[in-house]
Each structure stands twice: as structure tokens, then as C-alpha cells.
Amino acid sequence: MKLDTRFRLFVVLAGVFITSLIVGDIIGVKLFEVKLGPILAVMSAGMLPFPVTFLLTDILNEFYGKKAARFVTWVGFGMALFAFAVINIAQGVDWAPLTRAPDYTGTSENSFNNVFGGSQRILIASMIAYLIGQFSDIAIFNLLKRKSNNRFLWLRATGSTLVSQFIDTVVVQIIAWVGVLSTDVIIRIVFTSYVVKLLVAVGLTPLIYAGHAVVERWLGIHPVRLGPDGEPVPEPGDGVLRPEAPGRAA
């Protein structure tokens, strides 16, 4: 196997993406407040890795194509399920008697279960919303890239994130809270969550251009270029990790 620069970058991007996804799910039990003018929004700490996952999705889509981005999405989904399966098994393992001693200062059973025993309904909601959001982001990114004739990086990066995150936000809140919270409360949660994501997406634009410049100019890896039919323009000598051949995009 040839560990060239393109291959190494793909592994790093996929690794950081999957790590961000799993960490986001684990820390999602913590809530914090965000003040948006007159609105006080309660957000999950799982929002913190959100900018990383969608930034990396756009970079993977830009430099490796939609097939590679979809592949990483599925791998991330599988690893998230694996992580939570292991956590659930760990919860079922009996605690050592010494952990129940009055003078024990380590992690207690209740503390462990409070952190890792999150609602199964919320987990299911987040996983479904993740798949729908990711595949929407990838499809819209690819569509905008084709329609703009490989120009306007800001348009496809920001536009795909804004649309996909709206879908993600609506799906996760409906699945998680219908029948639990009133409709007006759910609508308010959707609105405040999406406003935060919208602000983050707009703020990410300079970072997307910076990441694009680092990959293309410093590492010498060029983005895929789409033809009029929406398929990547082939380049002779492409390898396994170049199913959608690289080319320059403005």
C-alpha cells in the first residue's frame, strides 16, 4: 500500500471526523446556555464538535468526492453504534464492592450511569438525524458545485450546511420530544438551535477557505472537478482513494 499524501490526509480527516462525532454524542448530556439577544437558548454540549464535523464533511466532499464523504459518514455511524454498544455493556458489568465504600473517592455507579446512561430515544433521534443531515449536506454540496461550474466555494459550503442543518435540527427535535414536550416548546427549541447552527455555519466560511488553501497549496492536493453531468472529470492514474478524480476548482 502506498501511503502518499492524499491517502494520509484522508485517514486523518476520517479519524478526526469520527472522533468528533462520538465525543459529541458522549458529552451531549451536558446542557449550557447561549444568549442570542433577547433569547436565552439551552444547548447541548454535543453542539461543540458540530463545526468540526461539517467542516470536515465539506473538505472530504471537495477533495475526495461524494462517494468518499458518504463512506466516512457510514463508518462514523457504525463506530458511534459500536461505541454505545460498548458503553452499554460496561454499564451492565457489576461494580467492584470497594466502589461502594464510604471512603471511596473514585467514580461512583450513579455518576457513571448519569453520564453514560443517556436517553435511548435521544440517541436514536441523533443517529437518524445524523444520517439524514450528512447525506443531505453531501448531496446539496455536490449539486451546488455542479450548478456553479465548480466555482463559489463559499456558496456550496455554507449553503449545504444551512439546508442540511435545518433538516437535522427538525428531525432530531421531533423524534426526541414529540409526545414529551408541547408543540410550541419544540418549535422554540428548533428555532434557537438552528439560529446557533446558522451563526456557526456562517462563521465557518473563513475556516473552510483556510482549510482549502492548506490542502491545495501546502499539500498539493487538488479538489475534484465535476463535469456537466455531475460526475467527476477523470484523471489518468487515479488510485483506490481517488474514485472521483482531483482537479482544480475556483
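Rules used in this analysis
Residues numbered from 1 in each chain as written. Predicted model: local features only at pLDDT ≥ 70, side-chain atom pairs only at ≥ 80, totals over all residues. Heavy atoms only, no water. UniProt positions renumbered as here; feature names shortened; annotations may be inferred. Helix = DSSP H or I, 4+ residues; strand = E, 2+ residues; numbered from the N terminus. Buried < 20%, exposed > 50% of the residue type's maximum accessible area, 1.4 Å probe, protein only. Contact = heavy atoms within 4.5 Å. Areas by Shrake-Rupley, 256 points an atom, 1.4 Å probe, with all protein chains shown as cover. Axes fitted to C-alpha atoms, helices over the stretch in contact; angles between N-to-C directions. Parallel < 35°, antiparallel > 145°, perpendicular 65-115°, else oblique. Left-handed = near helix turned anticlockwise from the far one by under 90°. Nonpolar A, V, L, I, M, F, W, Y, C, P; charged D, E, K, R; others polar. Core = buried A, V, L, I, M, F, W, Y, C linked by side-chain atoms within 4.5 Å. Pairing = 2+ DSSP bridges.

The name recorded for the protein chain in an unreviewed UniProt entry is Probable queuosine precursor transporter, from Stigmatella aurantiaca. UniProt, in the comment section headed Subcellular location (unreviewed entry), describes the protein chain in these words: "Cell inner membrane". The annotation that UniProt attaches to the protein chain under Function (unreviewed entry) is "Involved in the import of queuosine (Q) precursors, required for Q precursor salvage."

A. Expanded view of the overall build of the protein chain. When its secondary structure is counted, the protein chain shows seven helices and two strands. Along the protein chain, helices and strands appear, N-terminal first, in the series α-β-β-α-α-α-α-α-α. Within the span of the protein chain, comprising 250 residues, buried residues form 42% of the whole. For the protein chain, long-range pairs separated by at least 24 residues make up 72% of all intrachain contacts whose partners lie at least 6 apart in sequence. Of the roughly 13,300 Å² of accessible surface on the protein chain, a fraction of 69% belongs to carbon and sulfur atoms.

B. Here's a closer look at the packing of helix α2 (residues 50-64) against helix α6 (residues 153-177). One can describe the packing of α2 onto α6 by two numbers: an axis separation of 11 Å at closest approach and a directional angle of 130°. Here α2 is positioned oblique relative to α6, judged by the angle of their axes. The chirality of how α2 crosses α6 is right-handed. Counted together, F50, F54, D58 and E62 of α2 and L153, R156, A157, S160, T161, S164 and Q165 of α6 form the full contact between these two elements. Looking at the contact of α2 with α6, its residues break down into four nonpolar, four polar and three charged.

C. Region of the structure containing the nonpolar core. Judged by nonpolar contacts, the single largest core of 34 residues is most densely connected at L13, L60 and Y64. Of all the elements in the fold, those that place two or more residues in this core are α1 (5-26), α2, α3 (66-92), α5 (120-147), α6 and α7 (183-218). Apart from residues lying up to four places away in sequence, L60 is in contact with F10, L13, G65, A69 and V72.

D. Just the pairing of strand β2 (residues 39-44), in detail. Where strand β1 (residues 31-36) lies against β2, six bridges are found, and the strand directions are antiparallel. Paired with L36 across the bridge in β2 is I39. Counted between consecutive antiparallel strands, the loop separating β1 from β2 contains two residues, among which G37 sits at a positive phi close to 65°.

E. Spatial organisation of the UniProt feature "transmembrane region" (unreviewed entry) in the protein chain. Mapped onto this numbering, the UniProt entry annotates "transmembrane region" (unreviewed entry) at residues 7-27, 39-59, 71-90, 122-141, 153-179 and 185-209. Spanning residues 153-179, this segment combines 93% helix with 0% strand, and its end C-alpha atoms are found 41 Å apart. End-to-end, the C-alpha atoms of residues 185-209 are 37 Å apart, and along that stretch the chain is 100% helix and 0% strand.

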